[in-house]
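Report on the structure
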Amino acid sequence: MLTPRFYKLELRKRPAAADELEAGKTDAGWGHHICSYVLDNSRIEDMRTNVDISATQKVLDGDLDHFVEARLKQGA
């Protein structure tokens, strides 16, 4: 007898919980990003840490140590 009542109660709670989660989301549009990278023919710049590296191919191949170290030094 109680099981159907609990089930109905749980079904009523779910939309409220989903609405609460949805309300906490932020816009992922332009200007709401947490980091920016500038890539041109001669350099890559991390806008958060101001690391500017001219070895673009090395970074694109995965050499990200400079960026990681700079971010860790910032205390992130």
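Further up the page is the structure itself.
No experiment lies behind these values; they were computed from the predicted model shown.

Definitions and limits used
- Residues numbered from 1 in each chain as written.
- Predicted model: local features only at pLDDT ≥ 70, side-chain atom pairs only at ≥ 80, totals over all residues.
- Heavy atoms only, no water.
- Salt bridge = Lys/Arg side-chain N within 4 Å of Asp/Glu carboxyl O.
- Buried < 20%, exposed > 50% of the residue type's maximum accessible area, 1.4 Å probe, protein only.
- Helix = DSSP H or I, 4+ residues; strand = E, 2+ residues; numbered from the N terminus.
- Lys, Arg positive; Asp, Glu negative; His and termini not counted.
- Polar contact = N/O pair within 3.5 Å; in protein donor to acceptor, adjacent residues only side chain to side chain.

As a further point, take the pattern of salt bridges. One pass over the structure, following the stated rule, counts two salt bridges. Of the charged contacts, one joins Arg-43 and Glu-45 as a salt bridge, the two residues approaching to 2.8 Å between their closest N and O atoms. With relative accessibility at 26%, the residue Arg-43 sits in the partly exposed group. Among the charged side chains, a salt-bridge network with shared partners connects Arg-43, Glu-45 and Asp-52.

Let us look at the side chain of Asp-46. The topology assignment puts Asp-46 in strand S2 (residues 44-46). Arg-48 provides the closest opposite charge to the buried, unpaired Asp-46, separated from it by 4.3 Å. Reaching out from Asp-46, the side chain makes a polar contact with the backbone nitrogen of Arg-48 at a distance of 3.0 Å.

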